[in-house]
Every structure is written in structure tokens, then in C-alpha cells.
Amino acid sequence: MGACVEYEEQASLHAAEALEGEEAARFQAHLESCAACQAEVASARELLGLVALPPQTPVEVRAQEGLGARTLAAWRREQTRRGMGRRALGSLAAVAAVVALMLGPSALERLKAPHPVKTPAAAQPSVSARDDVDPETLAAFEAWAGLEPLEDDDSGYGLDEDLSWDDPGLDGDFDLGETL
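These numbers were taken from a predicted model, which means no experiment stands behind them. (Residues numbered from 1 in each chain as written. Predicted model: local features only at pLDDT ≥ 70, side-chain atom pairs only at ≥ 80, totals over all residues. Heavy atoms only, no water.)

Novice: Quick question: what am I supposed to make of the overall build of the protein here?
Specialist: Scanning the protein for helices and strands turns up six helices and zero strands. Along the chain direction, N to C, the helices and strands of the protein fall in the order α-α-α-α-α-α. Burial statistics for the protein: of 180 residues in total, 11% are counted as buried. Pairs at least 24 apart in sequence give 39% of the contacts found in the protein among residues at least 6 apart. (Helix = DSSP H or I, 4+ residues; strand = E, 2+ residues; numbered from the N terminus. Buried < 20%, exposed > 50% of the residue type's maximum accessible area, 1.4 Å probe, protein only. Contact = heavy atoms within 4.5 Å.)

This is the structure:
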């Protein structure tokens, strides 16, 4: 550092061409009379010349010319994409709310309804499927279906009895049909 103490900072700024206005004029006047500051400015310019970027190639110039417009366009595309995602998410939330409002009351009713207590089969009384159908309805159904009235056919099985597949009277030559 060979520059004058009070002009040391201005010498570096002058070498980088960063001084303006009255300050630049004052330092230029001092520089004409001070050899130490002239040497300091020359040294700083040499150092700045070593770190300076090379001149831009035509490809770099073209790339830099449209950089602002391309950056802005890319930013707008990204904002549009994000906005679409938010709108889609909002739409899905609205659909879910509508479905919840429509199905909610029936679901609450099902939750509030008393659930029947299941008892073991041995504890349940034997109930025939025909006990809950009145005879008049059964006769009307049989007439509609073109069936003969159901009667006991003396097969040894009553109408309310269940057939057991393990019965020794049944042989194994019968078709069960399609099973699940």
C-alpha cells in the first residue's frame, strides 16, 4: 500500500472506475500530483485486469439477450402449474365435502341404530321360514308360480325339517350343481 492514507480507498475505487461526481474530480486532481497514488492505481488496475472476464462470445450475447424474457416465461408457467394443482386440490376437497354431506346423515343413522345381539344357534328357537308368511300369501304365490300346493309327500321328512347331507339314506350319486 503505497498510496496516501486518506486516498487509499479512493485509489482502488478509481482503478475499478467506481468513483463518480465530485469525489472522482477531487481524487483526479490529487492523482496528478501524487506518484504514490498513481502507482497504487496502476497496481490495482493490473490486479483487476487479471480477474476480469474475457469478452463475451456471440453465443453468450444471444443467450443473455433473451434471458429476462425466458426467465419470466418459465416463472409464469411454474405459477400457472402450481395454480392448477391448487385448483384441482380445492375441487377434490369440494367434491369430498358434498359426498360427506350427502352420505353423512345415513351413515350416522346406521351408527345410531341398535345392533342385534347374535346368540349361538343352540340357544335360538327353531323357526321355520314359513312361520312368518301367512297362508293366504303363500297360496297366492303358489298360484302365481303355477305350483301345486306344498304338502307332506310321506318321504319321511316334514316340511320344517332340514335335510342332512350325512344321512345314510342318501347315496353319493347326485349333482350338487355349481358350488361357490
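Right, picking up where we left off after that structure.
Novice: Looking at this structure, how should I read the environment of Ala39?
Specialist: Note on placement: Ala39 falls in helix α3 (residues 35-51). For the pair formed by Ala39 and Ala11, sequence separation is 28 residues and the distance between their alpha carbons is 9.5 Å.

Novice: What's the story with the pattern of salt bridges in this structure? I'm lost.
Specialist: Pairing between side chains becomes possible if they bear opposite charge and their charged atoms approach one another. Tallied over the full model, the rule gives two salt bridges. The salt bridge partner of Arg81 is Glu78, with a shortest N-O separation of 2.4 Å. Taken together, the residues span about one helical turn, with Arg81 and Glu78 both in helix α5 (residues 67-112) at a distance of three residues. Using a relative accessible area of 26% as the deciding quantity, one classes Glu78 as partly exposed. In this structure, a network of salt bridges that share partners links the residues Glu78, Arg81 and Arg82. (Salt bridge = Lys/Arg side-chain N within 4 Å of Asp/Glu carboxyl O.)

Novice: Help me out: how do you make sense of the nonpolar core in this one?
Specialist: Across soluble globular proteins, nonpolar side chains have a tendency to be buried as a group. Formed by Ala3, Tyr7, Ala11, Ala15, Leu19, Ala24, Phe27, Leu31, Cys34, Cys37, Val41 and Ala44, the largest nonpolar core amounts to 12 residues. In contact with Ala15, not counting residues within four places along its chain, are Val41, Ala44, Arg45 and Leu48. (Core = buried A, V, L, I, M, F, W, Y, C linked by side-chain atoms within 4.5 Å.)

Novice: What is the right way to look at the packing of helix α1 (residues 8-15) against helix α2 (residues 21-33) in this model?
Specialist: How two helices pack is summed up by the angle between their axes together with the distance between the axes. At a minimum axis distance of 11 Å, the contact between α1 and α2 shows a crossing angle of 105 degrees. Classified by the interaxial angle, the pair formed by α1 and α2 is roughly perpendicular. Packed against α1, whose contacting residues are Gln10, Ala11 and His14, the element α2 presents Glu23, Phe27, Gln28 and Leu31 at the interface. Residues belonging to the contact of α1 with α2 are distributed by class as follows: three nonpolar, three polar and one charged. (Axes fitted to C-alpha atoms, helices over the stretch in contact; angles between N-to-C directions. Parallel < 35°, antiparallel > 145°, perpendicular 65-115°, else oblique. Nonpolar A, V, L, I, M, F, W, Y, C, P; charged D, E, K, R; others polar.)

Novice: Would you mind showing me how to read a negative patch on the surface here?
Specialist: A contiguous patch of negative charge on the surface is contributed by Glu8, Glu9, Glu22 and Glu23. Breaking the negative patch down by element, the ones donating at least two residues are α1 and α2. For Glu23, a relative accessible area of 33% puts it in the partly exposed group. (Patch = residues over 30% accessible without salt bridge, like charges linked within 9 Å, V, L, I, M, F, W, Y side chains within 5 Å. Areas by Shrake-Rupley, 256 points an atom, 1.4 Å probe, with all protein chains shown as cover. Lys, Arg positive; Asp, Glu negative; His and termini not counted. Charge placed at Lys NZ, Arg CZ, Asp CG, Glu CD.)

The quantities given are spatial measurements derived from coordinates; they are silent on function.
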